[in-house]
Amino acid sequence: MRSSNPVLSRRGFTSGAGGGGGYAGFNTAPAGPAMGAGPDAGNPYATNPYAADAYARQAAAGRPGAMTMDDVVSRTAITLGTVVVTAVLAWLALPVDEGNLGKSYGIAFGAAVVALVLGLIQSFKRRPVPALIVAYAAFEGFFLGVLSNVVSTYIAPGVVVEAVLGTMAVFAGTLLAYRMRWIRVTRRFTRFVTAAAMGFLILMLVNLLFSLFTHGDGLGFRSGGLGIAFGIIGIVLGACFLALDFKQVEDGVAHRAPREESWLAAFGLTMTLVWIYLEVLRVLSILQSDN
């Protein structure tokens with residue numbers, strides 16, 4: 001199973017059987033005798049990426065150790081639970097009054113950088129490292145806790161609860177659309193989402209650099225109508241990422257991926273939900289501050 005987030009992973013997606021019109025799938029090898037017949041015909045886990053691994057061969061044969069939906073749910077509960085717990089602790093432990101705001105911001109920025117580094121390390125690893133993924137969730141939660149406290153205190157009181165509910169609504173809506181097959185995760189869909197996300201991130205980085213040098217709002221992506229528009233685009237991209245995550249989970253269970261791969265699914269879902277929460281928080285903050 002590949003890393004769920006195509007932006008932060010070098011592993012990306014490849015097409016499944018049937019070429020460009022099929023669903024985006026896992027890393028498949030050229031057809032050979034091992035994939036030409038028998039119960040593992042067409043199963044990417046029969047050869048790649050664990051062809052030489054006895055554990056993977058056991059999973060491909062349907063023995064205990066194959067990934068299940070319960071595994072994905074339990075691992076995702078661990079990572080999201082870690083984000084929530086550390087966010088609450090950061091909210092309660094770090095004061096955001098004017099005398100300590102700079103210090104709290106500095107600590108939160110440091111936590112965000114550590115989370116980014118840990119996420120990149122995991123995305124470049126061949127296999128999931130649970131300790132690395134949980135550590136990423138902890139630092140990400142710490143950053144979110146401080147940021148949410150600042151936004152709720154100085155910009156839009158009560159917006160955090162609304163942002164959490166909005167994130168849950170996006171998740172539920174995307175899951176429904178995916179289950180009803182209103183969203184089809186094809187190669188073209190995956191390439192479009194990846195390209196759009198890269199462009200979005202580049203624009204956000206440019207905006208950040210402009211804001212640092214001009215001590216203002218940069219290109220205006222964090223306020224006003226332009227900020228709301230780009231926030232909505234970010235939410236839509238997050239929903240697209242969720243569809244990619246759902247497809248990978250579905251493929252992993254269907255192809256009896258090794259159980260350890262459920263950690264990668266949890267990692268991808270956690271990153272995507274954090275993305276959506278930040279964009280929902282931004283849009284709601286701008287809307288409330290303009291009223």
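The structure this text deals with has already been given above.
Residues numbered from 1 in each chain as written. Predicted model: local features only at pLDDT ≥ 70, side-chain atom pairs only at ≥ 80, totals over all residues. Heavy atoms only, no water.

What follows concerns the pattern of salt bridges. For the structure on display, the rule yields seven salt bridges. Between Arg 127 and Glu 260 there is a salt bridge whose closest N-O contact spans 3.9 Å. Of this pair, Arg 127 sits in the loop between helix H4 (101-123) and helix H5 (130-155) while Glu 260 sits in the loop between helix H8 (224-254) and helix H9 (261-290), and the two are 133 residues apart along the sequence. Residue classification places Glu 260 among the partly exposed positions, given a relative accessible area of 22%. Residues participating in the shared-partner salt-bridge network are Arg 181, Lys 247, Glu 250 and Asp 251. (Salt bridge = Lys/Arg side-chain N within 4 Å of Asp/Glu carboxyl O. Helix = DSSP H or I, 4+ residues; strand = E, 2+ residues; numbered from the N terminus. Buried < 20%, exposed > 50% of the residue type's maximum accessible area, 1.4 Å probe, protein only.)

What follows covers the packing of aromatic side chains. Throughout the structure, instances matching the rule amount to six aromatic pairs. Relative to Trp 275, the ring of Phe 200 has its centre 5.8 Å away and its plane inclined at 35 degrees; by these criteria the two rings are tilted. Of the two residues, Phe 200 is situated in helix H7 (residues 187-214) and Trp 275 in helix H9; the sequence distance between them amounts to 75 residues. A single burial state applies to Phe 200 and to Trp 275, both of which are buried. Linked through ring pairs, Phe 200, Phe 230, Phe 241 and Trp 275 together constitute an aromatic cluster. Above the plane of the ring of Tyr 178 lies Arg 181, whose end atom (NZ or CZ) is 5.0 Å from the centre. (Phe/Tyr/Trp six-rings, centres within 6.5 Å; stacked < 30°, edge-to-face > 60°. Lys NZ or Arg CZ within 6 Å of the ring centre and 35° of its normal.)

Turning next to a nonpolar patch on the surface. Taken together, the side chains of Val 84, Val 88, Trp 91 and Leu 92 define a hydrophobic patch exposed on the protein surface, amounting to about 390 Å² of accessible area. One can find Val 88 in helix H3 (residues 69-93). (Patch = residues over 30% accessible without salt bridge, like charges linked within 9 Å, V, L, I, M, F, W, Y side chains within 5 Å. Areas by Shrake-Rupley, 256 points an atom, 1.4 Å probe, with all protein chains shown as cover.)

Next up on the list: the environment of Ala 138. Along the chain, Ala 138 falls in helix H5. For Ala 138, the contacting residues outside a window of four places in its chain are Thr 82 and Thr 86. (Contact = heavy atoms within 4.5 Å.)

A few words now on the side chain of Ser 104. Its location among the elements puts Ser 104 in helix H4. Judged by its relative accessible area of 1%, Ser 104 falls in the buried class. Excluding residues within four positions of it along the chain, Ser 104 makes contact with Leu 94, Pro 95 and Val 146.

Where H4 meets H5, the axes come as close as 8 Å, and the angle between the chain directions of the two elements is 150 degrees. Classified by the angle their axes make, H4 and H5 are roughly antiparallel. In this structure, the crossing between H4 and H5 has a hand that is left-handed. Considering only residue class, the contact of H4 with H5 consists of 20 nonpolar, three polar and one charged. (Axes fitted to C-alpha atoms, helices over the stretch in contact; angles between N-to-C directions. Parallel < 35°, antiparallel > 145°, perpendicular 65-115°, else oblique. Left-handed = near helix turned anticlockwise from the far one by under 90°. Nonpolar A, V, L, I, M, F, W, Y, C, P; charged D, E, K, R; others polar.)

Okay, H4 next. Its 23 residues place the ends of H4 33 Å apart at the C-alpha level, agreeing with the 33 Å of an ideal helix rising 1.5 Å per residue. Residues of H4 that are buried include every one of Leu 101, Ser 104, Ala 108, Ala 111, Ala 115, Leu 118, Gly 119, Gln 122 and Ser 123, and no others. (Expected span 1.5 Å × (residues − 1).)

Its identity as a non-glycine residue notwithstanding, Arg 181 has a phi of 65 degrees, on the positive side. Relative to the elements of secondary structure, Arg 181 occurs in the loop between helix H6 (159-179) and H7. Residue classification places Arg 181 among the partly exposed positions, given a relative accessible area of 34%. A positive phi is found at Arg 256, a non-glycine position, where the angle reads about 55 degrees. Taking the relative accessible area as the measure of exposure, Arg 256 reaches 26% and is therefore partly exposed.

Let us now look at the packing of H3 against H5. Running from N to C, H3 and H5 point in directions that differ by 40 degrees, and their axes come no closer than 7 Å. Here H3 lies oblique to H5, going by the angle between them. You can see that H3 and H5 cross each other, and the crossing is right-handed. Within the contact between the two elements, H3 uses Ile 78, Thr 79, Thr 82, Val 83, Thr 86, Ala 87, Ala 90 and Trp 91 and H5 uses Ile 133, Val 134, Ala 137, Ala 138, Gly 141, Phe 142, Leu 144, Gly 145, Val 146, Ser 148, Asn 149 and Ser 152. Within the contact of H3 with H5, the residues separate by chemical class into 12 nonpolar, eight polar and no charged.

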